[in-house]
Amino acid sequence: MATTLITGGTVVSATGRVAADVLVDGETVVAVLAPGSIVLGHDLAASVGTVIDATGKYVIPGGIDAHTHMQLPFGGTSASDTFETGTRAAAWGGTTTIVDFAVQRQGERVEDGLAHWHELAAGECAVDYGFHQIIGGVDEHSLAALPTLIDEGITSFKMFMAYPGVFYADDAQILKAMQVSADTGLLTMMHAENGPVIDVLAEQLVKAGNTDPYFHGKARVWQAEEEATHRAIMLSHITGAPLYVVHVSAKQAVEQLAVARDRGQNVFGETCPQYLYLSLEEHLGARSEEWGSFEGAKYVCSTPLRSRAEGHQDHMWQALRTNDLQMVSTDHCPFCMKDQKELGRGDFRAIPNGIGSVEHRMDLMYQGVVTGEITLERWVELTSTTPARMFGMYGKKGVIAPGADADIVIYDPNGHTSIGYDKTHHMNMDHSAWEGYEIDGHVDTVISRGKVIVDDGAYLGRKGDGRFVKRGLSQYLI
Ligand code: DUC
Ligand code: ZN
Ligand code: ZN
């Protein structure tokens with residue numbers, strides 16, 4: 001593969017920004033140099049194949065979305081993005097690595113669930129991809145299989161305190177799995193909501209005739225998230241397992257994480273763009289001409305959108321600044337309105353849970369830089385560097401430095417992006433939860449392991465460009 005020189009840009013890392021040129025040889029970054037130091041008529045200059053002018057632009061490590069669900073069978077249907085369409089959309093948005101969730105269900109062998117996920121993804125992806133393992137049935141077989149995942153490059157597994165009868169694990173099961181996590185270094189990921197409580201509240205709401213999407217948010221009370229987060233933290237304390245809580249949306253759950261972290265526990269949390277920008281009142285409670293009060297179905301996800309009046313969104317931004325939350329992923333789990341979300345007309349419990357955002361995470365978080373919520377460096381840290389460290393990819397991913405994979409995004413702070421179904425949308429969905437969002441920046445060029453896959457509004461990649469990433473153990477533990 002050819003040598004590429006990116007000149008004139010500002011290279012941004014989690015710790016600073018510097019005017020520098022970046023030299024890429026094949027798939028790898030080989031040098032980050034003072035501007036102009038290569039093109040001086042020396043031998044090297046002659047061998048540079050492609051020069052990309054990044055003057056006035058940021059040069060950042062490619063985004064890493066550590067929480068996606070391509071083609072997940074869920075809620076009586078399957079997530080509408082395949083690995084092909086979803087990773088292509090990710091590429092368009094400046095994300096060069098995803099970590100998706102392989103699924104093991106009750107009674108299934110972990111090895112079979114994992115093999116199936118490899119079959120779905122192999123040869124299909126536009127960008128690099130790794131897997132976490134969902135353990136939907138904790139039993140002696142799945143517990144025994146957990147340590148074997150490490151050699152497969154899968155160093156984190158997820159359990160659910162929600163969804164009884166589907167993925168749910170009770171406290172005894174969680175404790176046993178966390179003991180394995182503590183013994184092996186596997187990172188425990190947790191969907192922390194008290195599912196049995198939520199299911200009773202949801203049933204009571206439906207029986208009382210409250211069937212609109214809005215009531216999805218009313219049933220999934222913040223207390224159920226705070227309580228489950230606290231319980232997960234305590235189980236991690238008992239066992240010594242490192243814990244990563246996914247899709248945190250309630251400010252009270254953040255408070256639980258902060259207390260645990262102050263105590264010195266290896267406890268971490270992510271939030272998602274939907275919990276920073278969208279709300280119960282404005283979105284789950286939305287109405288439209290086309291869908292009436294069912295419009296809110298576009299925004300049904302779990303954990304749910306929270307009340308803006310209660311201040312959750314502001315608290316999430318604050319937690320990202322203070323490192324009470326360490327990362328932003330999407331929980332990309334797209335469903336179309338037609339034939340999919342529609343399954344829950346008349347009963348919000350049957351609406352497939354999920355929002356699609358894999359394409360827009362880098363832009364939406366950059367808008368947080370524009371509005372002063374986070375710094376430019378923190379943007380890179382939250383969306384790329386910490387995901388790489390948290391999930392054992394740092395050095396190759398999450399940084400622009402000699403030896404790293406040349407996963408690089410050239411981002412134009414003077415560009416503009418209008419998000420919407422008819423505009424910048426490449427996800428396989430018939431709507432966008434981000435319709436009408438305007439971003440004061442633009443993903444100009446996306447380079448994946450040295451290959452330009454998006455440039456100047458054109459997609460230049462191919463399915464199969466993306467490779468499976470074998471991850472190491474977390475590099476973020478204290
Ligand atoms: N939450 C969602 O919104 N979708 C998939 C699974 C989950 O936990
Ligand atoms: Zn979840
Ligand atoms: Zn998820």
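Given the structure is predicted, the values throughout are model-derived calculations rather than measurements.

Cut-offs used in this document
- Sequence order as written defines the numbering, with residues in each chain counted from 1.
- Here the convention is simple: chains get letters from A, ligands get numbers from 1, in the order in which they are written.
- The predicted origin of the model limits local features to residues at a pLDDT of at least 70 and limits the giving and counting of side-chain atom pairs to 80 or more, whereas totals for whole chains, interfaces and linings rest on all residues.
- Side-chain numbers here rest on the full set of heavy atoms in the structure, without hydrogens or water.
- With a 1 Å grid spanning the protein atoms alone, the term cavity applies to any set of points in which a 1.4 Å probe fits but cannot get out, the term pocket to an open set with protein on both sides within 12 Å along at least five of seven lines, and the term lining residue to any residue with an atom within 4 Å of a point.
- Grid points are joined across faces, edges and corners, and a volume is the space filled by probe spheres set on the points.
- The numbering of helices and of strands both runs from the N terminus, where a helix is a DSSP run of H or I of at least 4 residues and a strand a run of E of at least 2.
- Residues were grouped as follows: Ala, Val, Leu, Ile, Met, Phe, Trp, Tyr, Cys and Pro as nonpolar; Asp, Glu, Lys and Arg as charged; and all remaining residues, including Gly, as polar.
- Burial here depends on accessible area, computed with a 1.4 Å probe over protein chains only, as a share of the maximum for the residue type. Under 20% is buried, over 50% is exposed, and the range in between is partly exposed.
- Polar contacts, as used here, are pairs of N or O atoms within 3.5 Å; protein pairs need one atom able to donate a hydrogen and one able to accept it. Residues neighboring in sequence count only if both atoms are side-chain atoms.
- Contacts between residues were defined by any pair of non-hydrogen atoms, one from each residue, lying within 4.5 Å.
- Nonpolar core, defined: a set of buried Ala, Val, Leu, Ile, Met, Phe, Trp, Tyr and Cys residues in which side-chain atoms within 4.5 Å join the residues together.
- A molecule or strand has a residue near it when one of that residue's heavy atoms lies within 4 Å.
- Per-residue and other accessible areas follow the Shrake-Rupley method at a 1.4 Å probe size, with only the shown protein chains counted as cover for residues.
- Just a note on the criterion: a molecule sits in a pocket or cavity if more than half of its atoms are within 2 Å of the grid points.
- By definition, two strands form a pair when at least two bridges between them are found by DSSP.
- Helix axes are fitted to C-alpha atoms over the stretch in contact, other axes to C-alpha atoms as well, and angles between N-to-C directions run from 0 to 180 degrees.
- Each angle receives one of four descriptions, namely roughly parallel if under 35 degrees, roughly antiparallel if over 145, roughly perpendicular if within 65 to 115, and oblique otherwise.
- Note: crossing handedness is left-handed where the near helix turns anticlockwise from the far helix by less than a right angle, and right-handed where it turns clockwise.
- Shown as donors are all N, O and S atoms within 2.8 Å of a metal ion, widened to 3.2 Å for Na, K and Ca; because water is not in the atom set, sites may appear incomplete.
- Key to geometry: four donors with every angle between 85 and 135 degrees are tetrahedral; four donors are square planar and six octahedral where opposite donors lie over 155 degrees apart and all remaining angles lie between 65 and 115; all other sites are irregular.

Student: How would you explain the layout of surface pockets if you had to name every residue and give the values?
Tutor: Any empty space left between atoms is shown by rolling a water-sized probe over those atoms. Looking at the largest pocket, its volume works out to about 350 Å³. Lining the largest pocket are 20 residues, with Y163, D199, R220, R349 and N353 sitting closest to its centre. Where the lining of the largest pocket is concerned, the elements lending two or more residues are α6 (195–207) and α7 (214–219). Per-element tally for the lining of the largest pocket: the top contributor is α6, with five residues. Of the residues assigned to the lining of the largest pocket, the class counts are 12 nonpolar, four polar and four charged.

Student: For the side chain of Q340, give the residues involved together with the corresponding values.
Tutor: Mapped onto the elements of the fold, Q340 is located in the loop between β17 (327–328) and α13 (361–370). Look at Q340 and you get buried, because its relative accessible area is 10%. Among the polar contacts listed, one links the side chain of Q340 to the backbone nitrogen of C336, at a separation of 2.8 Å. Every residue in contact with Q340, bar those within four places of it in the chain, is listed here: T77, S78, S80, F335 and P352.

Student: Could you give an account of the nonpolar core, with specific residues and numbers?
Tutor: In terms of nonpolar packing, the biggest core is built from 130 residues, with L146, M190, Y244, W379 and F391 touching the most fellow members. Per element, the largest residue contribution to this core is six residues, and it comes from helix α14 (residues 376–390). Excluding its chain neighbours within four sequence positions, the residues that come into contact with W379 are I60, M362, M365, Y366, V369, I374 and Y411.

Student: Tell me about the site of ligand 1, and name the residues and values.
Tutor: Around ligand 1, a shell composed of F74, F160, Y163, H191, H247, C301, S302, D331, C333, N353 and G354 is seen. Separating a nitrogen atom of ligand 1 from a side-chain N or O atom of D331 is a distance of 3.5 Å. Between a nitrogen atom of ligand 1 and a main-chain N or O atom of N353, the distance comes to 2.9 Å. When ligand 1 is considered free in solution it has 240 Å² of accessible area, and contact with the protein chains removes 99% of it. Assessed atom by atom at 2 Å from the grid points, ligand 1 resides in the largest cavity.

Student: Before we move on, can you summarise the sheet that holds strand β18 (residues 408–412) with the specific residues and values?
Tutor: Strands sit in the order β3-β2-β7-β18-β21-β22-β23 across an open sheet of seven strands; the sheet is mixed. The open sheet is flanked by β3 (17–19) and β23 (458–459), the only strands paired with a single partner. Bridge count for strand β7 (residues 58–61) against β18 is four bridges, and the pairing is antiparallel. Looking at the pairing, V59 lines up with I410 of β18.

Student: A description of the packing of helix α5 (residues 171–184) against helix α8 (residues 222–239) should follow, citing residues and the corresponding values.
Tutor: Put simply, α5 and α8 touch, their axes get as near as 9 Å, and they point 45° apart. Classified by the interaxial angle, the pair formed by α5 and α8 is oblique. In this structure, α5 crosses over α8, and the sense of that crossing is right-handed. Side by side, α5 and α8 meet where D171, I174, L175, M178, Q179 and A182 of the first sit next to R231, A232, L235, S236, I238 and T239 of the second. Looking at side-chain class alone, the contact of α5 with α8 contains seven nonpolar, three polar and two charged residues.

Student: So what's going on with the coordination of the zinc ion (ligand 2)? Residues and values would help.
Tutor: Distances from the zinc ion (ligand 2) to its protein donors, K158 (NZ), H191 (ND1) and H247 (NE2), fall within 2.1 to 2.6 Å. Taken together, the four donor atoms coordinating the zinc ion (ligand 2) and their angles of 83 to 131° define a geometry best described as irregular. Taken in chain order, the donor set of the zinc ion (ligand 2) reads K-x32-H-x55-H. In this structure, the zinc ion (ligand 2) lies 3.8 Å from the zinc ion (ligand 3). Of the two residues, K158 sits in strand β13 (residues 156–160) while H191 sits in strand β14 (residues 187–191), which places them 33 residues apart along the sequence.

Student: Could you give an account of the coordination of the zinc ion (ligand 3), naming the residues involved and the relevant values?
Tutor: Of the protein atoms, only H67 (NE2), H69 (NE2) and D331 (OD) coordinate the zinc ion (ligand 3), at distances of 2.0 to 2.2 Å. Sequence spacing of the donors to the zinc ion (ligand 3): H-x1-H-x261-D.

Student: Describe empty space enclosed by the protein, and please don't skip the residues or the numbers.
Tutor: Under the definition given, this model contains one cavity of 30 Å³ or more. Each pocket or cavity is described by its volume, and for the largest cavity that value is around 140 Å³. For the largest cavity, the lining is made up of 16 residues, of which H69, F74, Y163, S302 and D331 are closest to its centre. Residues that form the lining of the largest cavity fall into these classes: seven nonpolar, seven polar and two charged.

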